[in-house]
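The chain contents come next:
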Amino acid sequence: MKAVLVIGGSDSSGGAGIARDLRTLEHFATPALCALTAVTAQSDQEVRAVFPLPPEIIRAQISAAFATREIAAIKIGMLGTRDAVRAVAQALASHAKLPIVLDPVLVASSGGALLDAQGREALCAELLALATLLTPNIPEAAALLGTELAADDAALLAQARALLAHGPEAVLLKGGHGSGPEASDLLVRMHAPVRRFTAARRALTKRGTGCALASAIAAGLAAGADLDAACERAKEYVSSLFLNDH
Ligand code: PLP
């Protein structure tokens, strides 16, 4: 089995972050390696503390992961600081041919910040161009672009295209934070028709669904699926989390 390297933060509540990534990869029987960027103390209601790890430790974990076994895809989640963004961009520069799924984690559902403003700038300037797939939700897309929240489909599409201009090969703009009985995610690429994944809208209370989606997509890409198939299967998996409480 081809392995996935997950790069991100821990969440002491166990709902999101690396713990969620590893559970997701286990579900898909995908071997996982991990590089921790930050330790967080969180409850479901608040982010109580964030301890960013030094860039050299982040780089060392990534380098050790590549020395351990063959890696077929990478999933990036919480980075926390500009230094962490830069450390990851440097460490991955020589592995840019691998599929990289980048979940631009900015705030927890509780509202606590998980990437500071300088980190956000560095993410746009130094990391987006390495990504095969960027998976923002509606508030993250607006924050990355420094613009208003998209209020309708046309605005969502325009924001996805604007994010593409920063260099990722594809953008999956997740519509979960919108309104209406259904939520659509838009998969947007430069030279392919827009693909839409629609499902019944769920409450936003479940933690770690963004982490699970991005990790599940990385598992699919590692197994050789194309982007459409990997996104479709990952969406099904995340929907199943709402049926079985885990
Ligand atoms: N905490 C960490 C460490 C994360 O990586 C993420 C998301 O990727 C979150 C929290 C946010 O999860 P939620 O939206 O469920 O709060």
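Quick note: structure is the one above.
## Quick notes on the overall build of the protein
Working step 1: Looking only at helices and strands, one finds eight helices and nine strands in the protein.
Working step 2: For 246 residues, the compact-globule estimate of 2.2 N^0.38 gives 18 Å, and the C-alpha radius of gyration of the protein, at 16 Å, lies within 12% of that figure.
Working step 3: In terms of principal-axis extent, the alpha carbons of the protein reach across some 45 × 40 × 40 Å.
Working step 4: Pairs at least 24 apart in sequence give 69% of the contacts found in the protein among residues at least 6 apart.
Working step 5: For the protein, the exposed area adds up to about 10,700 Å²; of that, 54% sits on carbon and sulfur atoms.
Working step 6: Both charge centroids of the protein, one from 22 positive and one from 24 negative side chains, sit 3 Å from each other.

## Some remarks on unusual backbone geometry
Working step 1: Non-glycine residue Ala-29 carries a positive phi angle of around 55°.
Working step 2: Take Ala-29: it is sitting in the loop between helix H1 (17-27) and strand E2 (32-42).

## A few points about the site of the ligand
Working step 1: With respect to spatial proximity, 14 residues lie near the ligand, and among them Gln-42, Ser-109, Arg-207, Gly-208 and Cys-211 are the closest.
Working step 2: Gln-42 is positioned with one of its side-chain polar atoms (N or O) 2.7 Å from a nitrogen atom of the ligand.
Working step 3: Arg-207 is positioned with one of its side-chain polar atoms (N or O) 2.9 Å from an oxygen atom of the ligand.
Working step 4: Looking at side-chain class alone, the shell around the ligand contains six nonpolar, six polar and two charged residues.

## Here we look at the packing of aromatic side chains
Working step 1: Applying the stated criterion to the full structure yields one aromatic pair.
Working step 2: Between Phe-28 and Tyr-237, the ring centres sit 5.1 Å apart and the planes meet at 65°, which makes this aromatic pair edge-to-face. Here Phe-28, found in the loop between H1 and E2, pairs with Tyr-237, found in helix H8 (residues 227-243); they are 209 residues apart in sequence, far enough to count as distant.
Working step 3: Classification of Phe-28 by relative accessible area gives buried; the value is 14%.

## Observations concerning the nonpolar core
Working step 1: In this structure, Ile-7, Ile-76 and Leu-79 are the most contacted members of the largest nonpolar core, which totals 44 residues.
Working step 2: The biggest single contributor to this core is helix H3 (residues 82-92), with seven residues.
Working step 3: Leave out the neighbours within four places in its chain, and Ile-7 touches Ile-18, Ala-35, Thr-37, Ile-62, Ile-74, Lys-75, Ile-76, Gly-77, Leu-79, Val-88 and Leu-92.
Working step 4: If you look at the next biggest cluster of nonpolar residues, it comprises 29 residues, including Leu-187, Leu-221, Leu-227 and Ala-234.

## Some thoughts on the packing of helix H7 (residues 209-222) against H8
Working step 1: Contact geometry of H7 with H8 gives a least axis separation of 8 Å together with a crossing angle of 140°. In this view, H7 runs oblique relative to H8, as classed from their interaxial angle. In this structure, the crossing between H7 and H8 has a hand that is right-handed. For the pair H7 and H8, contact is made by Thr-209, Ala-212, Leu-213, Ala-216, Ile-217, Ala-219, Gly-220 and Leu-221 and by Leu-227, Ala-230, Cys-231, Arg-233, Ala-234, Lys-235, Tyr-237, Val-238, Leu-241 and Phe-242, respectively.
Working step 2: Residue composition of the contact of H7 with H8, by class: 14 nonpolar, two polar and two charged.

## Let's talk about the pairing of strand E9 (residues 192-200)
Working step 1: Across seven bridges, strand E8 (residues 182-189) lies against E9 in antiparallel orientation. Its bridge partner being in E9, Asp-185 is matched across the sheet by Phe-197.
Working step 2: What sits between the antiparallel neighbours E8 and E9 is a turn of two residues.

## As for the pattern of salt bridges
Working step 1: With the rule as written, the count across this model stands at 11 salt bridges.
Working step 2: For Arg-207, the salt bridge identified is with Asp-11, shortest N-O distance 3.1 Å. A residue pair is termed long-range when its members are at least 10 positions apart, and Arg-207 in the loop between E9 and H7 and Asp-11 in strand E1 (residues 3-11) qualify at 196 residues.
Working step 3: By relative accessible area, which is 10% here, Arg-207 ends up buried.
Working step 4: Asp-11 sits in the buried class, given a relative accessible area of 6%.
Working step 5: Between Asp-228 and Arg-195 there is a salt bridge whose closest N-O contact spans 3.1 Å. Within this pair, whereas Asp-228 is found in helix H8, its partner Arg-195 is found in strand E9, the two being separated by 33 residues in sequence.
Working step 6: We classify Arg-195 as partly exposed; its relative accessible area is 26%.

## Here we look at the state of the cysteines
Two cysteines whose sulfur atoms are joined by a covalent bond form what is called a disulfide.
Working step 1: One pass over the structure, following the stated rule, counts zero disulfides.
Working step 2: For Cys-124, which is in no disulfide, the shortest distance to another cysteine sulfur is to Cys-211 and amounts to 19 Å.
Working step 3: Residue Cys-124 is classed as buried on the basis of its relative accessible area, which comes to 14%.

Calculation notes
- Residues numbered from 1 in each chain as written.
- Predicted model: local features only at pLDDT ≥ 70, side-chain atom pairs only at ≥ 80, totals over all residues.
- Heavy atoms only, no water.
- Helix = DSSP H or I, 4+ residues; strand = E, 2+ residues; numbered from the N terminus.
- Rg over C-alpha atoms; globule rule 2.2 N^0.38 Å.
- Contact = heavy atoms within 4.5 Å.
- Areas by Shrake-Rupley, 256 points an atom, 1.4 Å probe, with all protein chains shown as cover.
- Lys, Arg positive; Asp, Glu negative; His and termini not counted.
- Charge placed at Lys NZ, Arg CZ, Asp CG, Glu CD.
- Near = heavy atom within 4 Å.
- Polar contact = N/O pair within 3.5 Å; in protein donor to acceptor, adjacent residues only side chain to side chain.
- Nonpolar A, V, L, I, M, F, W, Y, C, P; charged D, E, K, R; others polar.
- Phe/Tyr/Trp six-rings, centres within 6.5 Å; stacked < 30°, edge-to-face > 60°.
- Buried < 20%, exposed > 50% of the residue type's maximum accessible area, 1.4 Å probe, protein only.
- Core = buried A, V, L, I, M, F, W, Y, C linked by side-chain atoms within 4.5 Å.
- Axes fitted to C-alpha atoms, helices over the stretch in contact; angles between N-to-C directions.
- Parallel < 35°, antiparallel > 145°, perpendicular 65-115°, else oblique.
- Left-handed = near helix turned anticlockwise from the far one by under 90°.
- Pairing = 2+ DSSP bridges.
- Salt bridge = Lys/Arg side-chain N within 4 Å of Asp/Glu carboxyl O.
- Disulfide = S-S within 2.5 Å.

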